[in-house]
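Fold and contact review
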Amino acid sequence: MKPILLQAHERSLTKILYNKDGDLLFTASKHNLPNVWWSINGERLGTYNGHNGAIWDMAVSSDSTQLLTASADQSCIIWDSETGKILHQMAAKSPVRSCGFSLTNNILCFTTDKAMNQPCFIKFYDLRDKEQVATNSPFRDIQIEDSKVNRMIWGTVEDYVITGHENGQICQYDWKTGERLRVDHSHEALIKDLQLSKDRTMLITASKDTTAKLFDAKTFQFLKSYKTDRPVNSAAVSPIKHHILLGGGQEAMEVTTSHTKSGKFEARFFHLIFEEEIGRVKGHFGPINTLAFHPNGKQYSSGAEDGYVRIHDFDQSYYDFEYDF
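Here's what I pulled together on the structure shown here. (Residues numbered from 1 in each chain as written. Predicted model: local features only at pLDDT ≥ 70, side-chain atom pairs only at ≥ 80, totals over all residues. Heavy atoms only, no water.)

**Describing the sheet that holds strand E19 (residues 202-207)**
Spelled out, the test is: Here the rule is simple: two strands pair whenever DSSP picks up at least two bridges between them. Secondary structure elements are taken from DSSP: a helix is a run of H or I of four residues or more, a strand is a run of E of two residues or more, and numbering for both begins at the N terminus. To get an axis, fit a line to the C-alpha atoms, keeping to the stretch in contact for a helix; angles then go from 0 to 180 degrees between the N-to-C directions.
Taken together, the 4 strands give an open sheet; going across it, the order is E18-E19-E20-E21, and neighbouring strands pair in antiparallel fashion. Two strands close off the open sheet at either side, each with one partner strand: strand E18 (191-196) and strand E21 (222-227). The sheet shows a mean angle of 20° between the axes of neighbouring strands, taken without regard to direction. As defined by bridge partners, strand E20 (residues 211-216) adjoins E21 across 5 bridges and the pair is classed as antiparallel. Residue pairing in the sheet places Thr-211 in a bridge with Lys-227 of E21.

Structure, rendered in structure tokens:
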């Protein structure tokens, strides 16, 4: 499985994601320029120039026409994904940590950090009302009193968002009422990543407490746990096989003191049902910060602290592999 190596970011990767069709791969880092590539051959199509700080999160609309970026420069930008033109820029009073489009692309949501004497907020805009975006007036502001939101995604349906917090809890919020619907305390440390399965019924969480956990996305019923010996920075569910992909590694500030083998920077495959590790893929020279499966399940990409993105197309042996039980 020979990877395609993408080198365009000067600093460590923070987020990679595929569009719904899987032909485009969007990448963002602690540098201020998000990039877009052809996923089939790793050819770079362009950059999005407009932010002045690290990009913490990205989302792409289901029709791939718009890109949303959340930045440490206290702004969230909606881009025309084809031309790179800024359509709208929404300012906040503290760094913007995560963002997302609803399933119909009608509602936009982003979260802000608890910083600079500002509380953490979840803000909702209706994109059908051009005034809200133009005047930076969200129709719903949910103030988070306790632990700040580190990751946010839209839920199984368009009724709620799921948030992952600094203290390890995951929550559901109803954007129509602002009410907190559910909360789960299974994790003990910072939630680094939240991803849904392709059918949006299962939620996989990645945490600094060295575990990834699988939940029912609607009821938060705990399903499975995947234990490692390092902080887990990202986790993804395969669209075609019963596989979970985990990425992480020791803390970035400790990386220079250890050998690449002892740092444990491999991507690790676990069996979704039996919770056992079934394979590893080496390559990165730093902790893996973000992972994503291609929508067709035949490829995955990883982005790491070393500034590289690696696209892996699975060999035939991957499809032939059968777990013995």
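**A word on the pattern of salt bridges**
Which entries qualify depends on this criterion: Salt bridges are defined by distance alone: a side-chain nitrogen of Lys or Arg within 4 Å of a carboxyl oxygen of Asp or Glu. Residue burial is assigned from relative accessible area. The probe radius is 1.4 Å, only protein chains are included, and a residue is buried under 20% of its type maximum, exposed over 50%, and partly exposed in between.
Evaluated as defined, the whole model comprises 15 salt bridges. Glu-266 serves as the salt-bridge partner of Arg-230, at 3.3 Å between the closest nitrogen and oxygen. Highlighted residues: Arg-230 in the loop between E21 and strand E22 (232-237) and Glu-266 in the loop between helix H2 (260-263) and strand E24 (267-271), separated in sequence by 36 residues. You can call Glu-266 buried: its relative accessible area is 9%. Salt-bridge contacts for Glu-266 lead to Arg-280; the nearest nitrogen and oxygen are separated by 3.6 Å.

**Some points on the nonpolar core**
Under the convention used in this document: Throughout this description, the term nonpolar core refers to a set of buried Ala, Val, Leu, Ile, Met, Phe, Trp, Tyr and Cys residues connected via side-chain atoms within 4.5 Å. Here, residues are in contact when the closest pair of their heavy atoms is within 4.5 Å.
Within the largest apolar cluster, 15 residues are counted, with the highest numbers of intra-cluster contacts made by Leu-68, Cys-76, Ile-78, Met-90, Phe-101, Leu-108 and Phe-110. Contributing elements (two or more residues each) for this core: strand E7 (66-71), strand E8 (75-80), strand E10 (96-101) and strand E11 (107-112). Beyond its immediate chain neighbours, meaning those up to four positions away, Met-90 contacts Gln-74, Ser-75, Cys-76, Ile-78, Leu-108, Phe-110, Tyr-125, Val-133 and Asn-136. Counting residues in hydrophobic clusters, the runner-up holds 14 residues, among them Met-152, Val-161, Tyr-173 and Trp-175.

**Let's talk about the pairing of E10**
With 6 of its 6 residues buried, E10 lies for the most part within the structure. Pairing analysis gives 5 bridges linking E10 to E11, with the strands arranged antiparallel. Looking at the pairing, Val-96 lines up with Thr-112 of E11. Once E10 ends, the chain turns through 5 residues before running back antiparallel as E11, passing Asn-105 with a positive phi of about 65°.

**Some words on the sheet that holds strand E3 (residues 24-29)**
Read across the open sheet, the 4 strands follow the order E2-E3-E4-E5; overall the sheet is antiparallel. Of all strands in the sheet, those with a lone pairing partner are strand E2 (13-18) and strand E5 (44-47), marking the two edges. The sheet shows a mean angle of 20° between the axes of neighbouring strands, direction not considered. As paired strands, E2 and E3 are joined by 5 bridges and run antiparallel to one another. Residue Lys-15 lies in a different strand from E3, and its bridge partner there is Ala-28.

It is worth stressing that arrangement in space is one thing and function is another; only the former is reported here.
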